[in-house]
Every structure is written in structure tokens, then in C-alpha cells.
Amino acid sequence: MSNLKIETDPRGCRTLWLDRPAKRNALDEALLSDLLDAAIDTRMTPDLRLVVLRSTSPLFCAGADLNDWADITPAKAQRLSLLGAKAFQELADLPVPVVVVVDGAALGGGFELALAGDIRIATTQARFGFPEARLGNTPAWGGVPRLTKLCGVGTILDVLLTGDPINAERAERLGIVQRLCAPDDLDRTLMGLIDSLLSCDTTTQGYIKAMFGNPSVLIAAKEAALAGFTATREEASARKQAFLDSRRKA
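Residues numbered from 1 in each chain as written. Predicted model: local features only at pLDDT ≥ 70, side-chain atom pairs only at ≥ 80, totals over all residues. Heavy atoms only, no water.

### Notes on helix α6 (residues 143–151)
To keep things clear, this is the line we draw: Buried, partly exposed and exposed residues are distinguished by accessible area as a fraction of the type maximum, computed with a 1.4 Å probe on protein chains only: under 20%, between the cut-offs, and over 50%, respectively. A helix here means a DSSP run of H or I that spans at least four residues, while a strand means a run of E at least two residues long, and both kinds are numbered starting from the N terminus. Within this analysis, the arc is defined by the directions that extend from the helix axis to the C-beta atoms.
If you check which residues of α6 are buried, you get Gly143, Arg146, Leu147 and Cys151. Along α6, the residues classed as buried sweep out an arc of 110° about the axis, all on the same side. What points out from α6, more than 90 degrees from its buried face, is the exposed set Pro145 and Lys149.

### Some remarks on the layout of surface pockets
This is how the line gets drawn: We place a 1 Å grid over just the protein atoms. Points where a 1.4 Å probe fits but has no way out form a cavity, open points with protein on both sides within 12 Å along at least 5 of 7 lines form a pocket, and any residue with an atom within 4 Å of a point lines it. Grid points are joined across faces, edges and corners, and a volume is the space filled by probe spheres set on the points. In this classification, Asp, Glu, Lys and Arg are treated as charged, Ala, Val, Leu, Ile, Met, Phe, Trp, Tyr, Cys and Pro as nonpolar, and every other residue, Gly included, as polar.
Quantified by volume, the second largest pocket comes out at close to 410 Å³. Taken together, 23 residues make up the lining of the second largest pocket; nearest its centre are Ala62, Gly63, Ala64, Leu66 and Leu135. Every element with two or more residues in the lining of the second largest pocket is listed here: α2 (66–69), α4 (109–115) and α5 (132–135). Within the lining of the second largest pocket, the residues separate by chemical class into 11 nonpolar, seven polar and five charged.

### Some points on the packing of aromatic side chains
Let me state the cut-off plainly: Centre distance within 6.5 Å is the pairing criterion for rings of Phe, Tyr and Trp, where only the six-membered ring of Trp is used; planes under 30 degrees apart are then read as stacked, over 60 as edge-to-face, and the remainder as tilted.
For the coordinates displayed, the defined rule picks out three aromatic pairs. Aromatic side chains Phe88 and Trp141 sit 5.5 Å apart centroid to centroid with 80° between the ring planes, which places their arrangement in the edge-to-face category. Pair noted here: Phe88 is in helix α3 (residues 74–92) and Trp141 is in the loop between α5 and α6, with a separation of 53 residues, a long-range link. Here the two residues Phe88 and Trp141 agree in accessibility, since each one is buried. A centroid spacing of 5.5 Å and a plane angle of 50° characterise the contact between Phe111 and Phe128, whose relative ring orientation is tilted. Taken together, the residues span a long stretch of sequence, with Phe111 in helix α4 and Phe128 in strand β7 (residues 127–129) at a distance of 17 residues. On the basis of relative accessible area, Phe128 is assigned to the buried category, the value being 0%. Through a chain of ring-to-ring contacts, three or more aromatic side chains come together here, namely Phe111, Phe128 and Phe130.

### Examining the packing of α6 against helix α7 (residues 153–162)
A packed helix pair is summarised by two numbers, namely the angle formed by the two axes and the spacing between the axes. Note the following rule: A fitted line through C-alpha atoms represents every axis, and for helices the fit uses only the stretch in contact; the resulting angles, taken between N-to-C directions, go from 0 to 180 degrees. With respect to orientation, any angle under 35 degrees is reported as roughly parallel, any angle over 145 as roughly antiparallel, any angle of 65 to 115 as roughly perpendicular, and every other angle as oblique. Contact definition: two residues touch when any of their heavy atoms are within 4.5 Å.
Following both chains from N to C, one finds α6 and α7 inclined at 130°, their axes separated by 7 Å at the closest point. Classed by the angle they form, the pair α6 and α7 counts as oblique. Facing Val144, Leu147, Thr148 and Cys151 of α6, the residues of α7 in contact are Val153, Thr155, Ile156 and Leu160. Residues of the contact of α6 with α7, tallied by class, amount to six nonpolar, two polar and no charged.

In C-alpha cells:
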């Protein structure tokens, strides 16, 4: 994963660093695949409690790599669209909090990636936007429904139809950014948020996320909670033990 660096600290906080500065962290097929693999690996890794997504450079992400899209076949366009959508959904569906740190621009696919997180921290230098209409295409990676859910149809139409970026202060007013700070205060703000998140019960956080996320995730969470409850009842234990005893006698 040469363009995605992964660090995990002893507390169970995993940081995914976008690390393609020469290309402004543009999301090519390889980086999208790395993000998908990282999300799947995170889900399968025990004792992880938090994911932070940020950039090693001052700019968060300029969006899709236009080298992949400038002269593209319908089949490849569909493949890249599905890949990005799946990668971002895997991040959004993680059962632990996902914090996105934006310092600089998050545009197009980069904005969609930021919207896949649960909580966004941004500095006053941040900008968000969908310039796709100026490039002759539409967003493809789940950002439109996520932003509509946050801000409503009027805001998303304004952003999509004009291509104009949103500055950090307006993004906070609209609810896109939950914590806004000066660039010099970014690390302190992030560490404070991480401490707050780690002070909470991870399982409860997972259920809270499921309440607002993918309906299938909520159903799975309810099934898991119900199964866990029923399995601990005395009646359930007695019936299982009776079955095991009958097998031993057979």
C-alpha cells in the first residue's frame, strides 16, 4: 500500500494516511483498492476501537485521478464507480467511529471520502466541493445521498449545479464539519476528540452507528444483540445442556 500508510497505536486507534502528495492524493484505482482492503482488514482486526483518516500533506484529497477518467470505456467507468462506492461504504459501515481530518481541499471524490466518516474535523483552511459539473460528469461514490442527508436538497443542488466550493466556516454551519479549528490547533483538537471517543463503550458506539447507517447493518446489530441476550437466559442454557447430555447418552 505505497499510497496509503497505516498506523495502529496501543489503544486501538488506527490511522489511515493518504500519502500521494505528488498527485494531490488523487484517488486512482490502486488507492481506491487500498482503501477498500484497509476497511475490510480493519473490520476483521480485533480490539480496534477507532479509525482516523487524514493526509500526510496539507491537502486532503483533490478527488478522482482524472488520468483514469479522461479517456475511459463504459466498462471501466462502471468498475471504478462501483469500486469507489464499495470502498467508501465499507469505511462508513465500520462498527467503530471513523474520524476524518481535513486540512486543505476535499474536492469531488475527496469530498465523498470525507463524507463517509462519522465526524469531520477541519481547519479554517479547508474547502469542500463537487466540481464534477464543470468536468462533465456526476459524483459516483455515495457523496450525494450522504450530503443530502446532512444538509438537505437545497444545499446539495447549490453545490452540484454551481461547482462552487464551500469554505470551512460555511461547512461548519451546514453540519458538514463537526469540529473547526485553526491549523496550529489541529493536533490538540484531534487528540481531544480521540480521548472522548475512547472513553466510551465500543459496542454501544457500534449500535449507535448502526441506528443511523446502512439498514442491513442495523438489522445485523439487532440480530446480534437479540442472539446475545437469548443465549444468556437460564432456559436457553438448560436446553443446550440437555441437548448435549442427550448426545452423550446416545
